[in-house]
Amino acid sequence: MDYSIETAPLEDLQCDCIIVGVYQDQQLSPSATALNSITHGLINTIVSRGDLSGKNGETVLINAVPDSKIERILLVGLGENKPLSAKDYKKALLAAVNSLKKPQIKSVVCCLAECDVAGRDRQWKSRHIIEVFNDAVYQFTHTKSDKETESQIQKISIAATEAERTLAHSGMLQGKAIAEGMELTKHLSDLPGNICTPTYLAEQAIELSKKYASLNVSILEESDMTALGMGALLSVSRGSRQPAKFITLNYQCGDKDAKPIVLIGKGLTFDAGGISLKQPAGMDEMKYDMCGGASVLGTLLAVAQLQLPLNIIGLIPSSENMPDGDANKPGDILTSMSGKTIEVLNTDAEGRLLLCDALTYAERFNPEVVIDLATLTGACLVALGRVTSGLLGNDDALCNDLLAAGETANDSVWRLPLWEEYQEQLKSNFADMANVGGKDAGTITAACFLARFAEKFRWAHLDIAGTAWRTGPTKGATGRPVSLLSQYLINRAQQPKA
Ligand code: BES
Ligand code: MN
Ligand code: ZN
């Protein structure tokens, strides 16, 4: 995809379609007003006839404009004539791009950055145009014979005045970096478990480091993990024929002595549940159990492209969780890297077994903060659905920063309590803790388990089980929470140094 800022007058633009907004009270946006006079009142005619009510998300495509160089105009309803909410803005952008999925339309100029969005500036609006458009045109074709995608859009320009160019441009660059990060995340997540194995994921991390000189990658093999004592992680991979990989990405563009931000992503390339086997219905979706790991890769791609002045470590413990003669059995007791012992009461609660050793491993980086992201519990879907990710952590300031970043990025998180009372549920008669806490408050008890391995640093956990992919007819990865994490890191990079 090609992105640019366009400052030329609308009548001179060379593109397949110009996108402009119209409000519900028939008020035209400034660009729509300009096009209306170029076309001798065409847009007003359409609106006054009632062919476009201006409701948010409604669209009308004018596919021929006589006596003009303009090929097509897309009118997009913006709703009430007042500053749009961020969510309504996204809705209008989505409607626009979805109505342009036609083979003839390859290049578009989007004039919607001129709409007022409550509390948001040009930079934010430009960034969101790129993010929403890129997200909507993504289509997974890697394993299809027909590689043709519904959308043929290859070039997106954002209309701006000369005065607005600088802000629009920086928003565009942010949008491009984040959109490309999300695209990588979605692609890896959509790949099936027989292609995207732990080894494949490690290879992709190495590929990424070849594209960005600021990224260094190292891979721990099972023998290295044995030497480190990662008994919890290795107990999961023992049941799989695919060797586990522990991927470390190192990005050091901050002050030499600045402590790193550590991101940990669950990289289960397939979760069958192990001996506590899952139900067959929907089990294919467990190829998405590596979305956390893929989001770490996507976020680091965005960070490297934006050259943020930060030090960041990405950790991706990666394995399969399969039933096997050598797999974990209910009742087995493991010794984690921290030395703490764990009784496995359900082999399907495997994510926390990988993450606990990754958290212990994170200690060696002397982190500023640690954020883990994982498709950890079905209970999170029950509690929060597919709208917002679960957030739990041991530090209010970090949690508040993530809440704020999610709000800005339109990639929200919602905090759940991580109180001492819930720790009770993890009691075991035979080990330091059980790996499950019963049926109540499953998302919280999973985080309680992780918290026991995160006592030495400021830590937050994102449960993305509901938000990382869509189910049903539009089944596919969403690329969340790359946008949220990128925003958090952009904000960190702008903070004055302590
Ligand atoms: N990967 C799953 C969680 C999951 C389930 C994500 C459904 C998305 C949709 C995780 O490894 C798991 O199996 N968790 C168990 C935990 C339980 C055994 C305590 C779950 O949620 O059922
Ligand atoms: Mn599981
Ligand atoms: Zn899992």
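Since this is a predicted model, take the numbers as computed values, not measurements.

Participant: Please set out the coordination of the manganese ion (ligand 2) residue by residue, giving values where relevant.
Facilitator: Where a metal carries four tetrahedral donors, each ideal angle is 109.5 degrees; where it carries six octahedral donors, the ideal angles are 90 or 180 degrees. Surrounding the manganese ion (ligand 2) are the protein donor atoms Asp271 (OD), Asp348 (O), Asp348 (OD) and Glu350 (OE), which sit 2.1 to 2.2 Å from the metal. Seen from the manganese ion (ligand 2), its six donor atoms lie at angles of 68 to 166°, and the figure they make is irregular. When the donors of the manganese ion (ligand 2) are listed by position in the chain, the intervening gaps give D-x76-D-x1-E. Taken as a pair, the manganese ion (ligand 2) and the zinc ion (ligand 3) lie 3.2 Å from each other and share Asp271 as a ligand. On the basis of relative accessible area, Glu350 is assigned to the buried category, the value being 1%.

Participant: Describe the site of ligand 1, listing the residues and the values that go with them.
Facilitator: Taken together, 17 residues sit near ligand 1, with Lys278, Asp289, Asp348, Glu350 and Gly378 positioned nearest. A distance of 3.2 Å is found between an oxygen atom of ligand 1 and a side-chain nitrogen or oxygen belonging to Lys266. For ligand 1, a nitrogen atom lies 3.4 Å from a polar atom in the backbone of Leu376. Expressed as a share of its isolated accessible area of 510 Å², the protein-covered part of ligand 1 is 80%. Mapping ligand 1 onto the cavity grids shows that it belongs to the second largest pocket.

Participant: Requested: an account of the coordination of the zinc ion (ligand 3), with residues and values cited.
Facilitator: Those protein atoms acting as donors to the zinc ion (ligand 3) are Lys266 (NZ), Asp271 (OD), Asp289 (OD) and Glu350 (OE), and they sit at 2.0 to 2.4 Å. Between consecutive donor residues of the zinc ion (ligand 3), the sequence gaps follow K-x4-D-x17-D-x60-E.

Participant: Can you tell me about the domain arrangement of the chain, naming the residues and giving the values?
Facilitator: You can read the domains of the chain as domain 1 (2–158) and domain 2 (182–494). Centre-to-centre separation of domain 1 and domain 2, based on C-alpha positions: 37 Å. Both sides of the domain 1 and domain 2 interface together cover about 1200 Å² of buried area, and 47% of this is carbon and sulfur. Counting the surface domain 1 buries against domain 2, the share from its top three residues, Arg127, Tyr138 and Phe140, is 39%. Along the contact surface separating domain 1 from domain 2 lie one salt bridge. A salt bridge links Lys186 to Asp135, with the nearest nitrogen and oxygen atoms 2.4 Å apart. Across the domain 1-domain 2 interface, the total number found is nine residue pairs in polar contact (both at pLDDT 80 or more). Secondary structure elements with two or more residues in the side of domain 1 that touches domain 2: helix 3 (86–98) and helix 4 (122–137). It is helix 4 that provides the largest number of residues to the side of domain 1 that touches domain 2, a total of six residues.

What counts as what
- Residues numbered from 1 in each chain as written.
- Chains lettered and ligands numbered in written order.
- Predicted model: local features only at pLDDT ≥ 70, side-chain atom pairs only at ≥ 80, totals over all residues.
- Heavy atoms only, no water.
- Donors = N, O, S within 2.8 Å, 3.2 Å for Na, K, Ca; no water.
- Tetrahedral: all angles 85-135°; square planar, octahedral: opposite > 155°, others 65-115°.
- Buried < 20%, exposed > 50% of the residue type's maximum accessible area, 1.4 Å probe, protein only.
- Near = heavy atom within 4 Å.
- Polar contact = N/O pair within 3.5 Å; in protein donor to acceptor, adjacent residues only side chain to side chain.
- Areas by Shrake-Rupley, 256 points an atom, 1.4 Å probe, with all protein chains shown as cover.
- 1 Å grid on protein atoms, 1.4 Å probe; cavity = no way out; pocket = protein on both sides within 12 Å on 5 of 7 lines; lining within 4 Å.
- Sits in = over half its atoms within 2 Å of the grid points.
- Domains from an automatic or database assignment.
- Buried area = accessible area lost by both parts, 1.4 Å probe.
- Salt bridge = Lys/Arg side-chain N within 4 Å of Asp/Glu carboxyl O.
- Helix = DSSP H or I, 4+ residues; strand = E, 2+ residues; numbered from the N terminus.

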